[in-house]
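# Inside the fold
Residue strings, one per chain:
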Amino acid sequence: MQKKRLDDPWMFVYKKLQEKEIFSRRKIQEVDDSFFEKFGSILKQASQRAALEESTPLAPLKEIEEDDNEQKIGAELRSELRTVTRDTDSGNETLLDTDSEPDEHDKIGRIIEAVGWNIDELYLEILYEILHNVGGCDVGCEVGQHAMLSYVQEAFKIGNDKHTQLLTKAEAKEPPELMLNVEVVEAKDLVPKDPNGLSDPFVTIYLMSNSSHRYNTSVKSGTLNPVWEEHFSLPMSGTVNEDSLCLEVWDFDPAETVKEKMTKIFDVKGVKGLRKLVKEIAITASTGKHDNELIGTSNIPLKSIPAGGMAMWFSLSKKSKLRRQGVVKVRLNFSSEKNNQVAAQEHRHLLRIVLLHELENSKVAPYWWCGNFSAPAEAILTQHVAQSGLSQLDNSLVQWSVYCAVTPDHPLSFNLFNTLLDKLTKPLQSSLVIEEDVKLFWDGARKLLPTCYSHIRKLRKKTAGDKTVMKTLREVLKILYKLSILDVPECIDLFPKTSYGWLRDDAGKLNVYEVLNQAVIQGASDWFVHILDNNECKDNTEESRLQHLIRVIQLVRSDLQRAVEYYDRVFIEVMSFPYTKALYGLYESKIASLVEPEVIEVCKCLKRLQYNEGSTTTVHLAGGIAGVTGLGAPEVANEPLSMGTTLFELYLALQRFLLLGQGLNETEWSSYAISKFHGWFFGGVAQWLDIAAFKALTRIEKAVDLDNLVPVDTNVKYSSSGVDTLAIFYQIKIFWQQLAWPDVEGCYTFVAKIIDDICRCCVFYSDKMANRVDSVGTVTTVYEERFEVTTEWCVAINNIDYVRQSLEPFVEELGMDDIIQKMCEARSPIEAQRCKETLQNVIANAIDTVKNKIVDLLEVMIKKMMPSITRFLVEGAELLHQDCSSMDRVMRYLEANLDTLYQHLNNENFSRTLDIVWEQLGEVLYELIQANLEKRRPPSFFSNLHECLKIMIRSFRQDNKEMYSSDTLKRVEYLLKLHGMETRELIHEYHLGRWQEQQSIVEPKMGILTVRAQFIDDNLKIEVMNARNLVATDSNGLCDSYVRVALLPEDSFANVVKPKTQTHSKNLFPLYDEMFLIPLSPEQRGIADGLLHFVVKDKDMFSVSNTFVGEAYLHFSEIPDTPAPIGSLPQQHLPLSKPNTVDGDAIKALDSRQGDRQARDFIKKQRQKMPSKQFFSLG
């Protein structure tokens, strides 16, 4: 569970913050007015709220009358005034009915404006056409002549008297001279008439009323599916309704001789073809004729042809045949011999009058009329087109001109213009339109374009995402695209300044695409001004100004979001125009110019902390990496960065705004003025980190004071101040992550500052926590004063360790590795590595420092325990075997305190505690040993003390593992063992030490003794063989040596004879070659640390005692137990040596026993073995 908590400390901290007592949290936050909460979680929540607001679609802009400085003249001015009153957001409302209709004078004025003063002539012409209606099976026939006459009178606003007068005049005129235009397009599935299974067809056409006047098409050889596409104009008589058009399809038979026909025999197809060829040859041979053969005929009544014309397939029939002989496609329409330009002009006037009348009566909403006339209007217009001889292209040009002229007054459906452009684009590109009509087309476009661009500029008045709005926008853009691919004549000024007051005065002629770009930018600029006008700053305080800037950015970003979601795709698909990118380019420059000076000014005005001079209180803050600033006791202002949260909300708003720009312009976003916005906030961030460092220390101090040192949860072992300290780190981390500083050098500077400050906060927290528990745990009674480990001590230690463990994950979450990687790319790998090592050293030093703080605190705690432990140990050493409870008390004391530590410390700190316990115990015992040696305590005291130590060690030993690793305690245990020995045991310990010293001799200075030895059952057999390089002891440079053998310890072998070899005079390489057999008891044989002691002496004839040459030892474990002949055993070369040091622990222990004769005699004897001019330094 503990490990799981540490894996994600930040989430746990956040959870604990929610679970903590509100009263305690408020007290801590009161210290700095919730400084970190504002810049951490609250800042993050503010960022999320802002993002939500920016993504919420705004309501459409309320209708306002905009002054574009557009100076309209005549109809354009009136159009603009009417548009303002009727233009709505959705465009799907109908015009409101009014109580009063326009008066007659206004209506007549409108007609005169449309036609000019030749109204009577035009009206007379229309009446004449209605009276002489042509065609049939169309609207004109269904409506009837009376309905058409009533409609035209109402449309032209003509009085009854004048109408009657003009109608009489029209009736008196001669019928019009009309022409029937016929286009023979093609035929299919004709019946074959030639032997080869094909035909050579041609078509003959004529009117029944004038059958003598026939028209023939060309001959298409060898086909049953001919294509002609040939045109004919047939004059029509007065009896149009009774006449009909005849079509005859013939197979052409060329004039050929019999011989020529015979050559076709190989082209014959089938029996039927052969029969035809034979018949033709027979006829040619007998008569010499070659008549054409009829394939089929079709009869078309003229009254079945609509006035607007038609194209249709007609079946071919033949009297003698029941089966259809094929089909032929014919295009038919009526025309007159009227001048084309005059006819087009008349039709423009008529269409305008009829359209205005239709719009007035239908009251259709703006942008909704899509070209559907009422039945009488449609019939009148169709008759005029037919009787004026206008082509489809002429009619489309007339419609384009009139619709474009009417649109400024009453906007028509943009789809209507797209349909007309589809018909006109190809003829215009192919130069099929005369120059005068081309000029007429572009005049219409010039009137239409302001409405298109106005729609784009005022797009924000519409509801984003509405299907009608999106459809209308697509239609507008299609119009612009289709016009952009056409060549504008040089004489046409498509964008006059009088209609486009918002256009910049750029040099050169603008095209449709460039004006579109300016329209989009102008619309965005107008919207930006609207935002500023409707979101004014409430007052002139810094807080209010910053909130105002945030609101402006949110509204601008909402507009961009709307553009991305709804409009951008349409602009790109139709016009390949990056709509959102164009908007962003304008907005970012305006926001940069608006925000930059304000932010820089606010950052300059950030309040700095004031400190009393000469205060003894010193707070260490980081002034950069390893920088220290001594600050006195602070007097923090009552308003600690009150607008600081707002300042960084503004930073986050700009950050999100720039992120959007990076997505829109991935390659060139760095050229935006706003791309360097973080530099405006550099002073603010640096100042905030300075203030945050002090406030962190202040809050830590308060948190420690309020901490009751009780775990915050049953599953953890740390208290509230640890959680509070990590909460500070957590808030700083959130602030840094939200900041997302883009500049790598500034990023490194800030991260280094944050890391340095956090490390100092950890050390500061450790010191404060240590001071917090320093006076806790002392228990005073009438008998004694002792220290007892409490849960508060354990929690304090765990708190420090908990904060320490958070350092490394905190640094990782700050993104240090990513920063170093970016520095490596931006600078050089060597410099980046140096920066990384600097930060790692700061972290490592902080972790080591905090670890040492933990160890120091543990040592303080254990040292407080030691006086009681020392007292109990001394009592136990004196009275261990006299029914004394001192050892029980020390064990209970230790167990109680260690159990508290075990229950409340984590495993690592408990292990540290045990190590310190043993280390401190070793020091205490060492001091006890030294003190009691001076008091000449008996060996029993030290033996009892050693026994107490062993009892303690056994009590805490687990699984036969070594309980401690303290070198001091190991040393003390050895000293206690020595000083607890009897003198005889000490003497033997000394000999064992000499034997161990012998093992380390590499170059013997006293010579080498060669021996063999073996155990045979309970007998010890020794062979002293020789000696080499003995030290000269006589004045003649030689030696008279012999060897004495003794078994140690002496008290165990008191009854054993000490064998001695013969003396070998004047020889430094004596050959002794003597054998000794020493019988031993089983007990003597079984002594584990038994030694053979070989002493080599020089025989002195005149001295009382012989001279000591050297000694050597052979341990029982080195003597083989074998019945084999001793001669077969390997020789053992023993280096001879003298005792030349008094630093041995055993000799010191003997030296301390001044009242023990055995000890004194032994030391005296050893002194005699020492080289000359060496003395013991006792004590």
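Here is what the cut-offs are and how they apply
- Residues numbered from 1 in each chain as written.
- Predicted model: local features only at pLDDT ≥ 70, side-chain atom pairs only at ≥ 80, totals over all residues.
- Heavy atoms only, no water.
- Phe/Tyr/Trp six-rings, centres within 6.5 Å; stacked < 30°, edge-to-face > 60°.
- Helix = DSSP H or I, 4+ residues; strand = E, 2+ residues; numbered from the N terminus.
- Buried < 20%, exposed > 50% of the residue type's maximum accessible area, 1.4 Å probe, protein only.
- Lys NZ or Arg CZ within 6 Å of the ring centre and 35° of its normal.
- Axes fitted to C-alpha atoms, helices over the stretch in contact; angles between N-to-C directions.
- Parallel < 35°, antiparallel > 145°, perpendicular 65-115°, else oblique.
- Contact = heavy atoms within 4.5 Å.
- Nonpolar A, V, L, I, M, F, W, Y, C, P; charged D, E, K, R; others polar.
- Pairing = 2+ DSSP bridges.
- pLDDT = per-residue confidence, 0-100.
- Salt bridge = Lys/Arg side-chain N within 4 Å of Asp/Glu carboxyl O.

### Examining the packing of aromatic side chains
The final tally for this structure, using the stated rule, is 35 aromatic pairs. Residues Trp 400 and Phe 441 carry aromatic rings whose centres are separated by 4.9 Å and whose planes lie at 20° to one another, so their mutual orientation is stacked. With Trp 400 in helix 16 (residues 392-406) and Phe 441 in helix 18 (residues 435-457), the pair connects residues that are 41 residues apart, well separated along the chain. A relative accessible area of 1% places Phe 441 in the buried class. Grouping aromatic residues by their ring pairs yields a cluster made of Tyr 651, Phe 677, Phe 681, Phe 682, Trp 736, Trp 741 and Phe 750. Across from the ring centre of Trp 527, 5.8 Å away, lies the NZ or CZ of Arg 562, which sits over that ring. Here Lys 1060 stacks its cationic end above the ring of Tyr 1042, 4.3 Å away from the centre of that ring.

### Quick notes on the environment of Leu 689
When you line up the elements, Leu 689 lands in helix 24 (residues 682-706). Measuring from C-alpha to C-alpha, the distance between Leu 689 and Phe 750 comes to 8.1 Å, with 61 residues separating the pair along the chain.

### Topic: the packing of helix 8 (residues 119-131) against helix 15 (residues 375-388)
Look at helix 8 against helix 15: their axes get within 10 Å of each other, and the N-to-C directions meet at 90°. Compared by their axis directions, helix 8 and helix 15 come out roughly perpendicular. Across the interface between the two elements, Ile 126, Glu 129 and Ile 130 from helix 8 touch Ile 380, Gln 383, His 384, Gln 387 and Ser 388 from helix 15. Partitioned by chemical class, the residues of the contact of helix 8 with helix 15 number three nonpolar, four polar and one charged.

### Description of the sheet that holds strand 18 (residues 1071-1079)
Strand order in the open sheet formed by four strands is 18-16-15-21, with antiparallel pairing between adjacent strands. At either end of the open sheet lies a strand with only one pairing partner, and these are strand 18 and strand 21 (1132-1135). Across the sheet, the axes of successive neighbouring strands diverge by a mean angle of 25°, strand direction being ignored. The sheet contact formed by strand 16 (residues 1019-1028) and strand 18 spans seven bridges and is antiparallel. Bridge assignment links Glu 1023 to a residue of strand 18, and that residue is Met 1075.

### Regarding the pairing of strand 3 (residues 210-216)
Examined bridge by bridge, strand 2 (residues 201-207) and strand 3 share three bridges and lie antiparallel to one another. Counterpart to Ile 205 in the pairing with strand 3 is Tyr 215. Joining the antiparallel neighbours strand 2 and strand 3 is a turn of two residues.

### Points about the confidence of the model for the protein chain
Averaged over every residue, the pLDDT of the protein chain is 78; residues scoring 70 or more account for 79%. Under a pLDDT of 50 for its full length, residues 63-117 has, in the predicted model, 89 contacts with residues more than four places off or in other chains. Confidence drops under a pLDDT of 50 for residues 610-643, and excluding neighbours within four residues, the segment shows 76 contacts in the predicted structure.

### Re the pattern of salt bridges
Here the structure, examined in full by the defined rule, presents 25 salt bridges. Glu 248 is the partner of Arg 214 in a salt bridge, and the nearest nitrogen-oxygen pair spans 3.3 Å. With Arg 214 in strand 3 and Glu 248 in strand 5 (residues 244-251), the pair connects residues that are 34 residues apart, well separated along the chain. Arg 569 is paired through a salt bridge with Glu 573; the nearest N and O atoms lie 3.4 Å apart. Placement of both Arg 569 and Glu 573 in helix 21 (residues 542-575) is noted, with a separation of four residues, approximately one turn of the helix. The exposure class assigned to Arg 569 is exposed, which follows from its relative accessible area of 52%. Here the salt bridges do not stand alone but share partners, grouping Arg 994, Glu 997, Glu 1111 and Lys 1169 into one network.

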